[in-house]
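Structure assessment
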Amino acid sequence: MNKKQPIAKFLLLGATITLGIFFLVAYSTPVEAIHKETALLKKYDKLEELVHDIKDGKVNFKKLVDKDGIPLFVMEDSDIYDKADQNTQDCIDFAGKTGNNLRDQEIVHCVEDPNYYSQNSTNSGATSLSNTNTNTNNNPSNTSLSNTNTNNNPEKYDDLDKLVHDIKNHVVDDDTISLNNFKDSKAYQGADANTQDCIDLAGKIGDKLGDQEIVHCSEDPNYFKNKLSNTNNNDNTDNNNNNNVDNTGN
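Residues numbered from 1 in each chain as written. Predicted model: local features only at pLDDT ≥ 70, side-chain atom pairs only at ≥ 80, totals over all residues. Heavy atoms only, no water.

1. Description of the overall build of the protein chain
To keep it simple, the criterion reads: Put simply, DSSP H or I for four residues or longer makes a helix, DSSP E for two residues or longer makes a strand, and each gets a number counted from the N terminus. When a residue's accessible area, from a 1.4 Å probe over protein chains only, is under 20% of the maximum for its type it is buried; when over 50% it is exposed; and in between it is partly exposed. To measure how exposed things are, a 1.4 Å probe is used in the Shrake-Rupley method; for residues, cover is taken only from the protein chains shown.
For the protein chain, the helix and strand inventory stands at 15 helices and two strands. Within the protein chain, the proportion of its 250 residues that are buried is 36%. Taken as a whole, the protein chain presents about 14,900 Å² of accessible surface, with 48% of it coming from carbon and sulfur.

The following block contains the structure:
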C-alpha cells in the first residue's frame with residue numbers, strides 16, 4: 001500500500017501538469033494574437049498612416065493573425081481610433097459590428113469616405129423593382145429548382161432557397177464568395193430586388209460575400225440596413241447624452 005500511494009500521487013501530479021499546459025496553450029494563443037494586433041496599431045499616430053501601409057501591402061491582417069480581420073474592440077481601444085473624427089468612428093463601428101471582425105480594407109473605406117457604407121445602403125435601396133421583375137420574367141429558368149453540378153459552389157446554384165438550405169446544413173461553407181460572380185448566378189438573379197440589394201450591400205461591406213450573409217438577406221432583406229440604422233441611432237443617442245452632460249456641467 002505504501003508503494004502504491006507515491007505512484008498514485010505521481011500520476012495525479014503528471015495529469016495536473018498536462019492539463020495545466022493544455023489550458024495555458026489554449027489561452028495564450030488568442031491573447032498572443034491580440035497582443036500582435038494592439039502592437040501593430042500602436043505603431044501609428046494616425047489612421048491615415050495605417051491606411052497607407054495597407055494600400056501598399058505592408059499591412060495584411062490575414063497574414064498578421066491568420067484571420068480576415070481584427071476584433072473591433074482592439075481598434076476602439078487604440079489611440080488612432082480616438083483621434084479619428086466621429087463619422088469615421090461610426091463607419092468603423094458599423095463595419096466591425098456587421099462582420100465577425102474588422103477587415104483592413106474596411107478601415108481603408110471608412111478613412112477615405114466615412115459615408116461609404118451609408119451611401120451603399122442608400123444606393124442599394126434605390127434599385128428598380130421593375131428591372132428585376134423584367135429579368136426574372138424573361139428568364140423562367142431563374143426559378144428552376146434543379147441544381148445539377150453545383151459542387152458546393154454558391155455561384156452554381158439555380159435557386160436561392162436551395163442554396164440557403166445547403167448553407168444551413170453545412171453542405172456549403174464559403175466566406176470568400178465573389179460578389180460579382182455571384183450576381184451572375186441564377187440563384188441571385190431569381191431573387192427579388194430587396195434581397196438582391198441586401199446581398200449587394202453585404203458584399204460591399206467586406207472584401208468578399210460570406211455564406212451567412214446570404215442567409216441573413218434571404219431571411220430578412222432589411223437585415224444590414226437595420227444594423228446600419230441601429231448603429232447610427234445608438235451613436236446619435238451617445239452624442240446627445242454627452243452633449244447633455246456638457247451642458248449641465250455634470
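Moving on, there is more to tell.
2. Quick word on the nonpolar core
Our working definition: What makes a nonpolar core is a set of buried Ala, Val, Leu, Ile, Met, Phe, Trp, Tyr and Cys residues whose side-chain atoms join them at distances within 4.5 Å. Residue contacts follow a heavy-atom distance rule, with two residues in contact if any of their heavy atoms lie within 4.5 Å.
Counting residues in each nonpolar core, the largest one holds 49 residues, and the members touching the most others are L47, L50, M75, I107, F182 and I214. With five residues, the top contributor of residues to this core is helix α13 (residues 193–205). Setting aside its immediate chain neighbours within four residues, I214 contacts L160, L163, V164, I167, I177, F182 and L209.

3. Considering the packing of α13 against helix α14 (residues 211–219)
Cut-off, in case you're wondering: Orientation is described by lines fitted to C-alpha atoms, with helices fitted over the stretch in contact, and by angles between N-to-C directions that extend from 0 to 180 degrees. Geometric relationships in this document are graded by angle, where less than 35 degrees denotes roughly parallel, more than 145 denotes roughly antiparallel, 65 to 115 denotes roughly perpendicular, and other angles denote oblique. Helix crossings are classified by the rotation of the near helix relative to the far one: an anticlockwise turn of less than a right angle makes the crossing left-handed, while a clockwise turn makes it right-handed.
Two numbers describe how α13 lies on α14: the axes approach to 9 Å, and their chain directions differ by 150°. Overall, the two elements α13 and α14 adopt an arrangement that is roughly antiparallel. For the crossing formed where α13 meets α14, the hand is right-handed. Across the interface between the two elements, T195, C198, I199 and A202 from α13 touch E213, C217 and S218 from α14.

4. Overview of the pattern of salt bridges
The condition is simple: We define a salt bridge as a side-chain nitrogen of Lys or Arg found within 4 Å of a carboxyl oxygen belonging to Asp or Glu.
Evaluation of the coordinates by the stated rule reveals three salt bridges. When the shortest N-O distance is used, the salt bridge between K168 and E219 registers 2.4 Å. You can see K168 sitting in helix α10 (residues 160–168) and its partner E219 sitting in helix α14, a full 51 residues away along the chain. Given the relative accessible area of 47%, K168 is considered partly exposed.

5. Focus on helix α2 (residues 47–55)
Quick note on the threshold: Each direction from the helix axis to a C-beta atom contributes to the arc, which is the arc of those directions.
Turning to α2, its buried residues number three or more, namely L47, L50, V51, D53 and I54. Along the axis of α2, the buried positions cluster into a sector of 165°, meaning they face one direction only. One or two positions beyond α2, positive phi appears at G57, with a value near 80°.

6. Focus on the state of the cysteines
Rules: Here, a disulfide means two cysteine sulfur atoms that sit within 2.5 Å of each other.
Inspection of the entire model under this criterion finds two disulfides. Across the disulfide, C91 is cross-linked to C110 (sulfur-sulfur distance 2.1 Å). A torsion of -75° about the S-S bond marks the disulfide between C91 and C110 as left-handed. Placement of the pair is C91 in helix α6 (residues 86–98) and C110 in helix α7 (residues 104–112), with a sequence separation of 19 residues. Pair check on accessibility: C91 and C110 agree, each one buried. Residue pairing for C198: its cysteine sulfur links by disulfide to C217, the two sulfurs lying 2.1 Å apart. Between C198 and C217, the S-S torsion sits near -75°, and that sign places the bridge as left-handed. You can see C198 sitting in helix α13 and its partner C217 sitting in helix α14, a full 19 residues away along the chain. A relative accessible area of 3% places C198 in the buried class. A residue is classified by how much of its surface remains accessible, and C217, at 0% relative accessible area, is buried. Counting only the cysteines that form disulfides, in the order they appear in the protein chain, gives the pairing 1-2, 3-4.

7. Let's talk about a negative patch on the surface
We count it as follows: Residues enter patches when their relative accessible area tops 30% and they take part in no salt bridge; the joining distance is 9 Å for like charges and 5 Å for the nonpolar side chains Val, Leu, Ile, Met, Phe, Trp and Tyr. We count Lys and Arg on the positive side and Asp and Glu on the negative side, and we leave His and both chain ends out. To locate a charge, the coordinates of NZ of Lys, CZ of Arg, CG of Asp or CD of Glu are taken.
On the surface, D45, E48, E49, D77, D79, D82 and D85 cluster together into a patch of negative charge. Every element with two or more residues in the negative patch is listed here: α2 and α5 (79–83). Within the element layout of this structure, D82 appears in helix α5.

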